[in-house]
Amino acid sequence: MNIKKSEQLFEQAKKFIPGGVNSPVRAFKSVGGNPVFMARGNGSKMYDVDGNEYIDYIGSWGPHLFGHNPSFIIDALKHAIDNGTSFGAPTEIEVKMAQLITELVPSIEMVRMVNSGTEATMSAIRAARGYTGKEKIIKFEGCYHGHGDFFLIKAGSGALTFGVPTSPGVTKGNAADTLVADFNNIESVKKIIEQNKNEIAAVIIEPVVGNMGTVAPQNNFLTELRNVCSEEKIVLIFDEVMTGFRLSKGGAQELYGVKPDLSTFGKIIGGGLPVGAYGGKKEIMEMVSPSGPVYQAGTLSGNPLAMNAGFAALAYIKNHPEVYQTLEENSVYLENGFKDGIKSLGKKFQLNRVGSMMTLFFAEETVTDYNSAVKSDTKLYGKYFHEMLNRGIYFPPAQFEALFVSTVHTKEDLDKTISANYEALKAVL
Ligand SMILES: *Cc1c(COP(=O)(O)O)cnc(C)c1O
């Protein structure tokens, strides 16, 4: 594969951009090698600057539920741009957008638009703290909620209850207010709550995890979490930045039948433009400025280009409920093809899938939480990733990420991916 121009661009990029990229995972650090620079996308395909074609399974890390450049989103954008890019004053499309979100996701009574998933989760935590008058939060090891200071915390060794920063620049104060529990382990949550009685404002969770690779909630984990939070008057926040509008029109909360107090969105909700949103119960959202005292603002929040693109995506979802059937069919087809390949090679790798989110873990045992995910052979994943890339399949450049199936992956795409997977595995094992 010729990636000469990509290599040149990366050399130049590293001079002017930290690590040569504007978001770390793009740099291929955890799989080795240098990133390829993209030039354009169309449907299920991306094309790099050297002219190589890839079947895309990252979909810009989630937004591209309908592949690249779906005509109904591009048309909405073209229409919007003729009327101006931003006003800093309210517009009709913001009202339509908020109304549509509350219609599609029943737990959302009011919603505030922001510009990224990170902004959405930071603001949701602030609203929960303002509402409860409490300061501590519980997150789950391995769940990602954007790069806000108080999310960049992992469990310290041994003691379940003391978090430590995962990044320099995050203060001990932040770490002290973030408590870390184990996903799929309700006892770990109860224990933390007991030890911090009446001090916890919110529990935030990826209801289906994508950011340690795909991990599903087991048994009644989400229901039990809902019950514990209700009993203790803790605000339950579902971070549906990835799962919202992907797993169903109402997200993971619809799929599992659990109603959070607040939810955060991003990715699909922007139709490929930078958008986030947080919303939920009216009495919590009314705490947010200007209707309440919890401050939160944004110069470009509710921006008309982003709103028109996002509205087009959500309106399409509303009018085409069969979208989720298509996603499921495509994903089942891919999963079965992969499983056959793995089996015929005599391996026991874990293939986790929920809807159109899927991860092949190079691990022998079931992956249900962070501790079981990190048992994966990440070196092997790195080799596998490059074997796939060389065969024109763009998978997540890290083991602990979900791949995304879109509505526009064709049977031909999926068949090509299944045989590439078999060949790639054969090459690395
Ligand atoms: C991507 C993601 C975020 C962060 O969103 P950005 O738009 O990248 O800031 C937060 N939470 C989850 C679950 C995500 O997948």
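Residue indices follow the written sequence of each chain, beginning from 1 at its first position. Given that this is a predicted model, residues contribute local features only at a pLDDT of at least 70 and side-chain atom pairs are listed and counted only at 80 or more, while totals for whole chains, interfaces and linings are drawn from all residues. Neither water nor hydrogens contribute to the side-chain values; these are computed over all heavy atoms in the structure.

**Some words on the site of the ligand**
Working step 1: Contacts to the ligand come from Ser 116, Gly 117, Thr 118, Tyr 144, His 145, Gly 146, Glu 206, Asn 211, Asp 239, Val 241, Met 242 and Lys 267.
Working step 2: Nitrogen and oxygen atoms within 3.5 Å of one another constitute a polar contact, given that in protein one can donate a hydrogen and the other can accept it, and given that sequence-neighbouring residues count only through two side-chain atoms. A distance of 2.8 Å is found between an oxygen atom of the ligand and a backbone nitrogen or oxygen belonging to Gly 117.
Working step 3: Measuring from an oxygen atom of the ligand, one finds a side-chain N or O atom of Thr 118 at 2.6 Å.
Working step 4: Every accessible area reported is derived by Shrake-Rupley at a probe size of 1.4 Å, with residue values counting cover from the shown protein chains alone. For the ligand, whose free accessible area comes to 380 Å², the fraction covered by protein is 83%.
Working step 5: Along the lines of polarity and charge, the residues of the shell around the ligand split into three nonpolar, six polar and three charged. Near, as used in this document, describes a residue that has one of its heavy atoms within 4 Å of the molecule or strand being considered. Residues are sorted three ways: Asp, Glu, Lys and Arg are charged, Ala, Val, Leu, Ile, Met, Phe, Trp, Tyr, Cys and Pro are nonpolar, and all the rest, Gly among them, are polar.

**Section: the pattern of salt bridges**
Working step 1: Any carboxyl oxygen of Asp or Glu within 4 Å of a side-chain nitrogen of Lys or Arg constitutes a salt bridge here. All chains considered together, the criterion is met by 14 salt bridges.
Working step 2: The closest approach of N and O atoms between Lys 339 and Glu 335, which form a salt bridge, is 2.9 Å. Placement of the pair is Lys 339 and Glu 335 together in helix α11 (residues 323-344), with a separation of four residues, close to one helical turn.
Working step 3: Judged by relative accessible area, Lys 339 falls into the partly exposed class, the value being 39%.
Working step 4: We classify Glu 335 as buried; its relative accessible area is 11%. Secondary structure elements are defined from DSSP: runs of H or I of at least 4 residues count as helices, runs of E of at least 2 residues count as strands, and each element is numbered from the N terminus. Burial here depends on accessible area, computed with a 1.4 Å probe over protein chains only, as a share of the maximum for the residue type. Under 20% is buried, over 50% is exposed, and the range in between is partly exposed.

**Some remarks on the layout of surface pockets**
Working step 1: Taken as a whole, the second largest pocket encloses approximately 470 Å³ of empty space.
Working step 2: Note on definitions: the grid is 1 Å and covers protein atoms alone; a cavity is a set of points where a 1.4 Å probe fits but cannot get out; a pocket is an open set with protein on both sides within 12 Å along at least five of seven lines; lining residues have an atom within 4 Å of a point. Lining the second largest pocket are 23 residues; nearest its centre among them are Pro 90, Glu 94, Arg 112, Ser 301 and Gly 302.
Working step 3: Elements with a minimum of two residues in the lining of the second largest pocket: α3 (92-104) and β4 (110-114).
Working step 4: Across the lining of the second largest pocket, the residue classes break down as 11 nonpolar, 10 polar and two charged. Grid points are joined across faces, edges and corners, and a volume is the space filled by probe spheres set on the points.

**Examining empty space enclosed by the protein**
Working step 1: Using the criterion set out here, one finds four cavities of 30 Å³ or more in the structure.
Working step 2: Estimated volume of the largest cavity: approximately 60 Å³.
Working step 3: Residues belonging to the lining of the largest cavity are distributed by class as follows: two nonpolar, eight polar and two charged.
Working step 4: One number sums up the size of the second largest cavity: a volume of about 50 Å³.
Working step 5: Along the walls of the second largest cavity sit Met 358, Thr 359, Leu 360, Tyr 381, Phe 395, Pro 396, Gln 399, Glu 401 and Leu 403, which together make up its complete lining.
Working step 6: When residues of the lining of the second largest cavity are assigned to their parent elements, the largest contribution, three residues, is made by strand β14 (residues 357-361).

**With respect to unusual backbone geometry**
Working step 1: Backbone torsion omega between Ser 289 and Pro 290 reads 5 degrees, so that peptide bond is classified as cis.
Working step 2: Mapped onto the elements, Pro 290 comes out in the loop between α9 (282-285) and α10 (304-319).
Working step 3: One non-glycine residue, Asn 69, lies in the positive phi region at around 55 degrees.
Working step 4: With respect to the element layout, Asn 69 can be found in the loop between β3 (53-56) and α2 (71-81).
Working step 5: Asn 69 gets classed as partly exposed once you look at its relative accessible area, which sits at 45%.
Working step 6: Non-glycine residue Asn 219 carries a positive phi angle of around 40 degrees.
Working step 7: Mapped onto the fold, Asn 219 is located in the loop between β9 (200-205) and α7 (221-232).

**Re the domain arrangement of the chain**
Working step 1: Residue ranges for the domains originate in an automatic or database domain assignment. Under the domain assignment, the chain is made up of domain 1 (4-69 + 323-428) and domain 2 (71-319).
Working step 2: The partner domain 2 presents 34 residues to the 31 residues of domain 1 that form the contact.
Working step 3: Here domain 1 and domain 2 share an interface that buries about 2400 Å² over both sides, 66% of which is from carbon and sulfur atoms.
Working step 4: Remark: the boundary between domain 1 and domain 2 carries zero salt bridges. Whether two residues touch is decided by their heavy atoms; if any such pair falls within 4.5 Å, the residues are in contact. What counts as buried area is the accessible surface, traced by a 1.4 Å probe, that two parts surrender upon association, with contributions from both included.

**Overview of the environment of Val 189**
Working step 1: Residue placement: Val 189 occurs in helix α6 (residues 186-195).
Working step 2: Note: C-alpha distance between Val 189 and Ala 76 (113 residues apart in sequence) is 44 Å.
Working step 3: Setting aside residues up to four positions removed in sequence, Val 189 forms contacts with Ile 138, Phe 140, Ala 181 and Leu 225.

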